[in-house]
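# Chain and residue survey
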Amino acid sequence: SPRDKDLYDHLVIEEKTGAPIDFVATGLIGEIKIDERVVTGSVAAPVTQRIGGTSWTVWLHEFEAGK
């Protein structure tokens, strides 16, 4: 979603599986890491997380079943 006045973007995660999934979201400009967030999904409702809004790319990685 659009960045706010603090230069953060909002990630909105909606789980499509039967169990929550944990993962890492890394904001990048080229190969430079700007921000990183650990996100735990929820099957009950969308999850919102902020990440540095100056990022050109958000890389989602390190997926695993939630606890």
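Anyway, here's the lowdown on the structure attached to this text. (Residues numbered from 1 in each chain as written. Predicted model: local features only at pLDDT ≥ 70, side-chain atom pairs only at ≥ 80, totals over all residues. Heavy atoms only, no water.)

On to the overall build of the chain, then. Helices and strands together make up the secondary structure of the chain, namely zero helices and five strands. Along the chain direction, N to C, the helices and strands of the chain fall in the order β-β-β-β-β. Residue burial in the chain is summarised as follows: out of 67 residues, 30% are buried. As presented, the chain carries roughly 4600 Å² of accessible surface, and 57% of it is formed by carbon and sulfur atoms. (Helix = DSSP H or I, 4+ residues; strand = E, 2+ residues; numbered from the N terminus. Buried < 20%, exposed > 50% of the residue type's maximum accessible area, 1.4 Å probe, protein only. Areas by Shrake-Rupley, 256 points an atom, 1.4 Å probe, with all protein chains shown as cover.)

On the secondary structure map, His61 appears in strand β5 (residues 57-65). A polar contact of 2.7 Å, which involves the side chain of His61, links it to the side chain of Thr26. The residues touching His61, leaving out its near neighbours within four places in the chain, are Phe23, Val24, Thr26 and Glu36. (Polar contact = N/O pair within 3.5 Å; in protein donor to acceptor, adjacent residues only side chain to side chain. Contact = heavy atoms within 4.5 Å.)

What follows covers the nonpolar core. One finds Leu11, Ile13, Phe23, Ala25, Val39, Val47 and Ile51 forming the largest nonpolar core, which totals seven residues. Counting only elements with at least two residues in this core, the list comes to β1 (8-13), β2 (21-29) and β4 (47-52). In contact with Leu11, other than residues within four places in its own chain, are Ala25, Val47, Thr48, Gln49, Ile51 and Val58. (Core = buried A, V, L, I, M, F, W, Y, C linked by side-chain atoms within 4.5 Å.)

Attention now goes to the sheet that holds strand β3 (residues 32-40). Note on sheets: strands pair through backbone hydrogen bonds, and any given pair is parallel or antiparallel. With antiparallel pairing, the three strands of this open sheet are ordered in space as β3-β2-β5. If you trace the sheet from one side to the other, it starts and ends with β3 and β5, each paired once. Strand-to-strand twist of the sheet, defined as the mean angle between neighbouring strand axes without regard to direction, takes the value 20°. Sheet topology note: the β2/β5 ladder contains seven bridges and is antiparallel. Paired with Ile21 across the strands is Ala65, a residue of β5. (Pairing = 2+ DSSP bridges. Axes fitted to C-alpha atoms, helices over the stretch in contact; angles between N-to-C directions.)

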